[in-house]
Amino acid sequence: MNRRGPGRRPGSADTRGEILTAARRVFAEKGFDKATVRGIAREASVDPALVHHYFATKEGIFAAAMRLPLNPETILPELLEGPREEVGERLVRLLLRVTAAPETREPMVALLRSAMTNEQAQAMFREFITNALLFKVANGLGVPHLRIEAAFAQMFGVVMARYVLKLEPMASADPEELVALLAPTLQRYFTG
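A brief structural summary.

Details of the packing of helix H8 (residues 119–141) against helix H9 (residues 145–164)
Logical step 1: H9 packs onto H8 with a crossing angle of 120° between their chain directions and a minimal axis gap of 9 Å. Between H8 and H9 lies a crossing of right-handed hand. Seen from H8, the contacting residues are Phe125, Ile129, Thr130, Leu134, Phe135, Val137, Ala138 and Asn139; seen from H9, they are His145, Ile148, Glu149 and Phe152.
Logical step 2: Residue composition of the contact of H8 with H9, by class: eight nonpolar, three polar and one charged.

So this is what it looks like as structure tokens:
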């Protein structure tokens, strides 16, 4: 019997990269909802535990595979922890912070553009954003899903106006000015 001991598996040293490549194929073929960690592991020829080791959850591997700057595991606590009357402000600040740097803004804008022109990308983005992020925030805050989607739609419009259409003065507005302008409106979605 030839049993391998613990440690690095034989073959390529870029196991993480192979898992990401496999994940992109599986997500493209099945969408976010129907993709599984086991299926991604099978596609990458690794044990599912290795996928969990590198990415913890399906949401984490999706965020990494799609090069998203938003990983639900890190942003959900940021949005849900703290005073409820400041959720709107936290949401605006989070989005402005994430989109401020080109290395985090560009993958997000690329995915948004793809979702607007490609049905498969649209379905994947919709499944991920609703199930891994929006509905979890809504459930965590105890607000109807429609309200969280309305808040998302508002922030989606800000990203599109600021970084895709580059509408002025929105495109060059100071982030603090945008926080002051947008946070009260978003807060209304969360507190009624």
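That shown, we press on.
Some details on helix H5 (residues 72–80)
Logical step 1: Of the residues making up H5, those classed as buried are Pro72, Ile75, Leu76 and Leu79. The arc enclosing the buried residues of H5, seen along the axis, measures out at 105°, which places them on a common side.
Logical step 2: Structurally, H5 contributes buried residues whose contacts are with helix H4 (58–65), helix H6 (87–100) and H8.

Brief notes about the packing of aromatic side chains
Logical step 1: Throughout the structure, instances matching the rule amount to eight aromatic pairs.
Logical step 2: Summarising the aromatic geometry, the rings of phenylalanine 27 and phenylalanine 62 are spaced 4.9 Å apart at their centres and angled 85° between planes, so their arrangement reads as edge-to-face. Of the two residues, phenylalanine 27 sits in helix H1 (residues 15–34) while phenylalanine 62 sits in helix H4, which places them 35 residues apart along the sequence.
Logical step 3: Pairing phenylalanine 125 with phenylalanine 152 gives two aromatic rings, centres 6.5 Å apart and planes at 45°, and the pair type is tilted. Of the two residues, phenylalanine 125 sits in helix H8 while phenylalanine 152 sits in helix H9, which places them 27 residues apart along the sequence.

Regarding the packing of H6 against helix H7 (residues 102–117)
The description of two packed helices rests on the angle between their axes and on the distance between the axes.
Logical step 1: Axis separation between H6 and H7 bottoms out at 5 Å; the angle between their running directions is 100°. Between H6 and H7, the angle falls in the class roughly perpendicular. Facing Leu95, Val98, Thr99 and Ala100 of H6, the residues of H7 in contact are Pro102, Thr104, Arg105 and Met108.
Logical step 2: Its residues placed into classes, the contact of H6 with H7 shows five nonpolar, two polar and one charged.

Some remarks on the environment of leucine 76
Logical step 1: On the secondary structure map, leucine 76 appears in helix H5.
Logical step 2: Taking C-alpha positions, leucine 76 is 24 Å from proline 48, a pair spaced 28 residues apart along the chain.
Logical step 3: Residue contacts for leucine 76: discarding those within four places in its chain leaves Ala132, Leu133, Lys136 and Val137.

Examining the nonpolar core
The nonpolar side chains of soluble globular proteins are, as a tendency, buried together.
Logical step 1: Counting residues in each nonpolar core, the largest one holds 64 residues, and the members touching the most others are Phe27, Ile61 and Phe190.
Logical step 2: With ten residues, the top contributor of residues to this core is H8.
Logical step 3: Among residues more than four places away in sequence, those in contact with isoleucine 61 are Ile19, Leu20, Ala23, Phe27, Ile40, Val51 and Phe55.

Digging into helix H2 (residues 37–44)
Logical step 1: Listed as buried for H2 are Val37, Gly39, Ile40, Ala41 and Ala44.
Logical step 2: Backbone geometry just after H2 places serine 45 at a positive phi near 60°.

Rules behind the numbers
- Residues numbered from 1 in each chain as written.
- Predicted model: local features only at pLDDT ≥ 70, side-chain atom pairs only at ≥ 80, totals over all residues.
- Heavy atoms only, no water.
- Axes fitted to C-alpha atoms, helices over the stretch in contact; angles between N-to-C directions.
- Helix = DSSP H or I, 4+ residues; strand = E, 2+ residues; numbered from the N terminus.
- Left-handed = near helix turned anticlockwise from the far one by under 90°.
- Contact = heavy atoms within 4.5 Å.
- Nonpolar A, V, L, I, M, F, W, Y, C, P; charged D, E, K, R; others polar.
- Buried < 20%, exposed > 50% of the residue type's maximum accessible area, 1.4 Å probe, protein only.
- Arc of directions from axis to C-beta.
- Phe/Tyr/Trp six-rings, centres within 6.5 Å; stacked < 30°, edge-to-face > 60°.
- Parallel < 35°, antiparallel > 145°, perpendicular 65-115°, else oblique.
- Core = buried A, V, L, I, M, F, W, Y, C linked by side-chain atoms within 4.5 Å.

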